[in-house]
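# Structural overview
Next come the chains, spelled out residue by residue.
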Amino acid sequence: MTVTVRYGEWVSPVTAVMATEGMSAGQIAAPAYVDTVGAEVWWTEPRPAEEGRMALVRRRADGTTETVLPTPWNVRSRVIEYGGRPWAAHTGAAGVLLVFVNFADQRLYAYDADVAGASPRPLTPVSTVGGGLRWAEPEIDVARGEVRSVLEEFTGEGPSDVRRVIAAVPLDGAAQRDRSAVRELCDDGHRFVGGPRFSPDGTRAVWLAWDHPYMPWDAAVLRIAEVDVQGRLHRVRTLTGGPGDPIAQAEWAADGSLLMAAERTGWWNLYRVDPETGQAVALHPAEQEFAGAQRLGLRWFAPLPDGRVAVLRGLGAQRLALLDPVTGVVTEVPGERSEWLPQLAVSGDRVVGVAGGPAHAYEIVEYDLSTGGLRVLRAGQHAPVNRGYLPEPLARVFTGPDGERIHALLYPPRNADYAHDGDDGDDGGFGAGEGGPPPYVMWVHGGPTMRAPVALNLEIAYFTSRGIGVVQVDHGGSTGYGRAYRERLRDQWGVVDVGDCAIVARAIVDEGLAAPGRVAIRGISAGGFTAAASLVSTDAYACATLLCPILDLYGLASGQTHDFESHYLESLVGPLATVAQRYRDRSPAAHPERIDVPFLLLQGLDDPICSPEQSERFLSGMSGQPVPRAHLTFAGEGHGFRRQDTMVACLEAELSLYGQVFGFTPPGVPVLDLRS
């Protein structure tokens, strides 16, 4: 006899613990800041089970892998709050010298990684002013006995009382107590600076810079300077870039030529740029993205010793390819890994990066130019379950009322032991799902200038293997589809994103893919804003999960966030001075009376970006509203969650919410206490 099992009650081998082993800060956990150190490959990787720290890992030439620093060392920078590359290493006679940023105090430390009994020694002092001294993008200059870095220095207690300069710190520890021993190489005069790249002959350096009210992907310029005998940067000038022509990355090739990724045609393409005149020649003009939304430490391309360039390119997901700058020919590297992160590194005939795909979690992979072979150096999160329990994405393009294209990834329910209407498989002899379409959850990415990654995500599998579909929408404003698509969100945050998601939510119901009245929405950070705003302004959803959400646009624009994004809303909503009412109208916290469906609000108490105070104000506004809701807070968690016990609690609470709203009882999951 076949037993009918309700959606949400399918028995799944994908546990909450298993799903959260591969998550960090609300995103698929991925190695980051990959680089080569001699014949070795080094990177950082999240460790949710170790209090969410970022561990530094090395893969030796013999293939063995080890963690460089024990707990509690946490290799992570807080510059611009999102950080940047937090380590650098140099191989010398005594082995590897490592310089890294420790998250707890944001100091630079030096560590002799191959010396038995060695301990990290601080190189920089601790400042008691505001957010202190922070460092990112270190580069070791052995000849001068120092490490160059971007310095973020707070000058007061406010989040915007800060300056950023390119500085050098002595490797002998002279600056560990004395700020005056830090040598400023260049006070660029711009609000934000990226780590400099020095020419092969050491005579020039280039870096990115930008100012409020712009974000780097809107207006970053390419700065160039000469390097004097003391290593200082002088004769500084803007080479190219700015509003309408932002620069995402610049690198020197081995022959001394200068390459950059610029968006001057509406697409991030690669150019060779004259370091004297700034004139640029496109290497491969195309309506494809060869770069993306820049933050510190991201690399979409890397020049190779033979003159070619390793590049990432595509629409949406980006794949590895090789570009010949002489002929303009691009040769794609074959393989199943369709999603490469902007973490490229090159050494000799090796290209190393971070890649994943629908069947692969993010992994450290190496492409051998001489053989054309691709191999995995560090396996990612692999579920110890059959593929029949894991989701398979379906790329879709939906159409809005004015013909606009809306990109999305659809993950139907999938479990080898169950079948439901529309399945091609059988029930495996175990059971069948209930008839009719399943419930779905709309996932809204953060940013909002981000997009949904196409890589194996066991958090999605946690739901799909239980009979709940997931749809990820790259609403207008998402990167990966050209400037015009990204700028659909200009002045329209809270309108275009909400509208695009509602169009997709209604379309999957109309197509018979999702059950009417059984579509939920969840989002983190900026996605949390879209989810909350959707509850206020649409009737497309039966409930919502809000993770670290932005709820009060007016408060956010009035100094209640960090410096990097403190003017971001001027492009997303408009100038506060002239459209203040628009900020209030679009803020979910201003309209609690419009919310009439249950929701779950998840908040880190140490969140510097979306403060706990705005969540409290939002809930206070809900006082007296007969809407079932739950509010879970987590001490020691910031913007996005990194500790596994926190993430397990959140995932199980979310599933319980859907069970109570959609009418199923998920087995083995604590019941979430929903109260009006």
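Residues numbered from 1 in each chain as written. Predicted model: local features only at pLDDT ≥ 70, side-chain atom pairs only at ≥ 80, totals over all residues. Heavy atoms only, no water.

## Focus: the packing of helix H5 (residues 496-510) against helix H6 (residues 526-537)
When two helices pack together, their arrangement is given by the angle between their axes and by how far apart the axes lie. Two elements in contact, H5 and H6, have axes whose closest approach is 9 Å; the angle formed by their N-to-C orientations is 75°. When the axis of H5 is compared with that of H6, the two are roughly perpendicular. Between H5 and H6, the contacting residues are Asp497, Val498 and Cys501 on the first element and Phe529, Thr530, Ala533, Ser534 and Ser537 on the second. Taken together, the residues that form the contact of H5 with H6 break down as four nonpolar, three polar and one charged. (Axes fitted to C-alpha atoms, helices over the stretch in contact; angles between N-to-C directions. Helix = DSSP H or I, 4+ residues; strand = E, 2+ residues; numbered from the N terminus. Parallel < 35°, antiparallel > 145°, perpendicular 65-115°, else oblique. Contact = heavy atoms within 4.5 Å. Nonpolar A, V, L, I, M, F, W, Y, C, P; charged D, E, K, R; others polar.)

## Looking at empty space enclosed by the protein
For the coordinates displayed, the defined rule picks out five cavities of 30 Å³ or more. Along the wall of the largest cavity there are 17 residues; nearest its centre are Gly194, Gly195, Arg197, Leu208 and Gln294. Sorting the residues of the lining of the largest cavity by element identifies strand E18 (204-210) and strand E21 (247-252) as the ones contributing at least two each. Of the residues belonging to the lining of the largest cavity, the class tally is eight nonpolar, five polar and four charged. (1 Å grid on protein atoms, 1.4 Å probe; cavity = no way out; pocket = protein on both sides within 12 Å on 5 of 7 lines; lining within 4 Å. Points joined across faces, edges and corners; volume = space filled by probe spheres on them.)

## Quick notes on the sheet that holds strand E22 (residues 258-262)
By definition, the strands of a sheet pair up through backbone hydrogen bonds, in either a parallel or an antiparallel sense. Strand order in the open sheet made by the four strands is E21-E22-E23-E24, with antiparallel pairing throughout. Of all the strands in the sheet, just E21 and strand E24 (280-282) have a single pairing partner and so form its edges. This sheet shows a mean twist of 30° between the axes of neighbouring strands, independent of strand direction. (Pairing = 2+ DSSP bridges.)

## Observations regarding the nonpolar core
Membership of the largest hydrophobic core comes to 61 residues, with the highest contact counts inside it found for Leu270, Leu320, Val351 and Trp493. What leucine 320 contacts, discounting residues up to four positions off in sequence, is Ala310, Val311, Leu312, Glu332, Val333, Trp340, Leu344, Val351 and Tyr367. (Core = buried A, V, L, I, M, F, W, Y, C linked by side-chain atoms within 4.5 Å. Buried < 20%, exposed > 50% of the residue type's maximum accessible area, 1.4 Å probe, protein only.)

## Examining the sheet that holds strand E26 (residues 309-313)
If you walk across this open sheet you meet the four strands as E25-E26-E27-E28, and the pairing is antiparallel. On the outer flanks of this sheet lie strand E25 (301-303) and strand E28 (330-332), each paired with one strand and no other. Going from strand to strand, the sheet's axes swing by 30° on average, the running direction of each strand aside. Both E26 and strand E27 (residues 319-323) contribute to a ladder of five bridges, which runs antiparallel. Directly across from arginine 313, in E27, lies its bridge partner arginine 319.

## So, helix H10 (residues 612-621)
Taken as a whole, H10 has its buried residues at Pro612, Gln614, Ser615, Phe618 and Leu619. Looking straight down H10, one finds that the buried residues subtend no more than 160° of arc, so they occupy a single side. Buried-residue contacts for H10 involve strand E41 (599-604) and strand E42 (629-634). (Arc of directions from axis to C-beta.)

## Describing the state of the cysteines
Two cysteines form a disulfide when their sulfur atoms are joined by a covalent bond. In the structure shown here, the tally under the stated rule is zero disulfides. Looking at cysteine 543, it has no disulfide partner, and the nearest cysteine sulfur is the one in cysteine 501, 15 Å off. You can call cysteine 543 buried: its relative accessible area is 0%. (Disulfide = S-S within 2.5 Å.)

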